[in-house]
Amino acid sequence: MSKIVLVALGQSNSIFYGQSPWPLPGNSTAPGAVFYNFLTGLFTPAADPLPGFTIPCPGWGGSIWTRLMYLLSIEPAGPRKPWPDMVCIAPIGHASAGSAVWRQDGPSFPRIAQVRAAVAALGLSIGGYLWMNGETDGADLSMSYGQHTANVQNLVEGIRLQGCDAPFFAAGCTTCRNGVGPSFELIDGPTRTAKIKRVASLRLEQSRLPDVLAWAGVERGPDLDIIAATAPSRWDGCHLGDIGQFVAAEMWRETLLDASANQIIN
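Remember, it's a predicted structure, so these values are computed and weren't measured experimentally. (Residues numbered from 1 in each chain as written. Predicted model: local features only at pLDDT ≥ 70, side-chain atom pairs only at ≥ 80, totals over all residues. Heavy atoms only, no water.)

S.K.: Tell me about the packing of helix 1 (residues 65-73) against helix 7 (residues 242-261), residues and numbers included.
M.R.: With their axes 8 Å apart at the nearest point, helix 1 and helix 7 run at an angle of 50 degrees to one another. It follows that helix 1 is oblique to helix 7 by the angle criterion. The chirality of how helix 1 crosses helix 7 is right-handed. Side by side, helix 1 and helix 7 meet where Trp 65, Arg 67, Leu 68, Leu 71 and Leu 72 of the first sit next to Gln 245, Phe 246, Ala 249, Glu 250, Trp 252, Arg 253, Leu 256 and Leu 257 of the second. Residues of the contact of helix 1 with helix 7, tallied by class, amount to nine nonpolar, one polar and three charged. (Axes fitted to C-alpha atoms, helices over the stretch in contact; angles between N-to-C directions. Helix = DSSP H or I, 4+ residues; strand = E, 2+ residues; numbered from the N terminus. Parallel < 35°, antiparallel > 145°, perpendicular 65-115°, else oblique. Left-handed = near helix turned anticlockwise from the far one by under 90°. Contact = heavy atoms within 4.5 Å. Nonpolar A, V, L, I, M, F, W, Y, C, P; charged D, E, K, R; others polar.)

Here you go:
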């Protein structure tokens, strides 16, 4: 039996703010695809959205993760299909919150221990962490270069102190209405310039995380900023739309399969 449990943490794009739920009405969930809902403490077949999570528009509530599990389920048998029995994802994201909420003294950090305890009760362990956070930090002009890295380091150190050595995959995430649409163009020139510089600074910082924090088991995740900030890739310039959800899922699939092939993740 080969299975994996992954914890998805970060901001709204790591939970159920996508435009389209999956699977489509009348279709079944992917074989072996399971969600853990930290709000209810229940393990359920993977279908969007999970009960209790905020969704931005009625009838929406899609996620990357149902699509990722579907893509993994249809992977042909062989070395590139390392988890044929079960893939469980535990989304624990915190919408509209920067990296500071995930520090060991932050309000979202206890979710990590809660998920780990629930998984351990089934005789399983966490196989990896999928980190998607930066949109809020990218809009915070009071943050200086290095603060995001310090917050991620504190978070990962907390995970290690809990006795978990699973790899921590850090995605590139800064895109959220920065430079897109009339609302951005209405911002006064100096502030607009400052916002552009802040996002560029954070992108550089995020790109260096796997090198700066390699000693802590931080690995390179997908650069989700390359997903266009316009519909249908992002329905509002920030949250993933129909196409963007599948593109992000495909990028995470490649990240995880490459990590498995290189024995970074089991």
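S.K.: I'd like a description of a nonpolar patch on the surface, backed by residues and values.
M.R.: A surface patch of nonpolar side chains, about 250 Å² in accessible area, is lined by Tyr 70, Ile 74 and Phe 246. Residue Phe 246 is classed as partly exposed on the basis of its relative accessible area of 30%. (Patch = residues over 30% accessible without salt bridge, like charges linked within 9 Å, V, L, I, M, F, W, Y side chains within 5 Å. Areas by Shrake-Rupley, 256 points an atom, 1.4 Å probe, with all protein chains shown as cover. Salt bridge = Lys/Arg side-chain N within 4 Å of Asp/Glu carboxyl O. Buried < 20%, exposed > 50% of the residue type's maximum accessible area, 1.4 Å probe, protein only.)

S.K.: Talk me through the sheet that holds strand 1 (residues 3-10); I want residue IDs and the actual numbers.
M.R.: The mixed open sheet is built from seven strands, whose spatial order is 3-2-4-1-5-6-7. This sheet does not close on itself; its edge strands, each paired only once, are strand 3 (42-45) and strand 7 (218-223). Recorded for the sheet is a direction-independent mean angle of 25 degrees between the axes of neighbouring strands. Bridging between strand 1 and strand 5 (residues 128-132) involves five bridges; their strand directions are parallel. Each residue of the ladder has a partner; that of Leu 9, found in strand 5, is Trp 131. Helix 1 contacts strand 1, strand 2 (33-37), strand 4 (86-91) and strand 5 of the sheet and is inclined by roughly 165 degrees relative to strand 4. Of the strands in this sheet, strand 6 (168-172) and strand 7 are in contact with helix 6 (residues 189-212), which crosses strand 7 at around 140 degrees. (Pairing = 2+ DSSP bridges.)

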